[in-house]
Amino acid sequence: MSIWDRAKAKVEELVGRAEEVYGQSHGDAAAQLHGEAHRLEAEAEEEAALGDEAVRRDPDDGAAPVR
């Protein structure tokens, strides 16, 4: 995942958080739940991207080196 995809996921997370706060402040449970779902989806997407990058950088599978 490129830096732009990670930035997009972060923006989506912030949009979800804003919608969640809007729902809380206005008593709109549907907006709050939709915002929370949006935020969690973006967080999961960002974590998956970070995990993929870590695997690409460190291909060690835990096997001991052969001597």
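Residues numbered from 1 in each chain as written. Predicted model: local features only at pLDDT ≥ 70, side-chain atom pairs only at ≥ 80, totals over all residues. Heavy atoms only, no water.

Quick word on the side chain of Arg39
Our working rule: To qualify as a helix, a DSSP run of H or I must reach at least 4 residues; to qualify as a strand, a run of E must reach at least 2; elements of each kind are numbered from the N terminus. For this analysis, a polar contact is any N or O atom pair within 3.5 Å, provided that within protein one partner can donate a hydrogen and the other can accept it, and provided that sequence-adjacent residues contribute only side-chain to side-chain pairs. The contact criterion used throughout is that any non-hydrogen atoms of two residues lie within 4.5 Å.
Tracing the sequence through the fold places Arg39 in helix α2 (residues 29–57). Within the structure, Arg39 has its side chain in polar contact with the side chain of Glu20 (distance 2.9 Å). What Arg39 contacts, discounting residues up to four positions off in sequence, is Glu13, Gly16, Arg17 and Glu20.

Quick look at the side chain of Glu20
As for its position among the elements, Glu20 is in helix α1 (residues 3–26). If we skip the residues at most four places from it in the chain, Glu20 touches Ala31, Gln32, Gly35, Glu36 and Arg39.

Quick notes on α1
Convention followed: A helix is expected to span 1.5 Å multiplied by its residue count minus one. Accessible area is worked out with a 1.4 Å probe on protein chains only. A residue is then buried under 20% of its type maximum, exposed over 50%, and partly exposed in between.
A rise of 1.5 Å per residue sets the reference length of α1, with its 24 residues, at 34 Å; its end C-alpha atoms lie 35 Å apart and thus fit the reference within 8%. Taken residue by residue, α1 has Ala9, Glu13, Gly16, Glu20 and Gly23 as its buried positions. Just beyond α1, the residue with positive phi is Gly27, at close to 70°.

A closer look at the pattern of salt bridges
Where side chains of opposite charge bring their charged atoms close, a pairing between them can arise. What counts here: A side-chain nitrogen of Lys or Arg and a carboxyl oxygen of Asp or Glu constitute a salt bridge if their distance falls within 4 Å.
Considering all chains together, one arrives at six salt bridges under this definition. Among the salt bridges present, the one from Lys10 reaches Glu13, with a minimum N-O distance of 3.4 Å. Taken together, the residues span about one helical turn, with Lys10 and Glu13 both in helix α1 at a distance of three residues. Taking relative accessible area as the criterion, Glu13 reaches 9% and is therefore assigned buried. Across the salt bridge formed by Glu46 and Lys10, the nearest N and O atoms sit 3.8 Å from each other. You can see Glu46 sitting in helix α2 and its partner Lys10 sitting in helix α1, a full 36 residues away along the chain. Given a relative accessible area of 36%, Lys10 falls into the partly exposed group. Salt bridges sharing partners connect three or more residues here, namely Lys10, Glu13, Arg17, Glu20, Arg39, Glu43 and Glu46.

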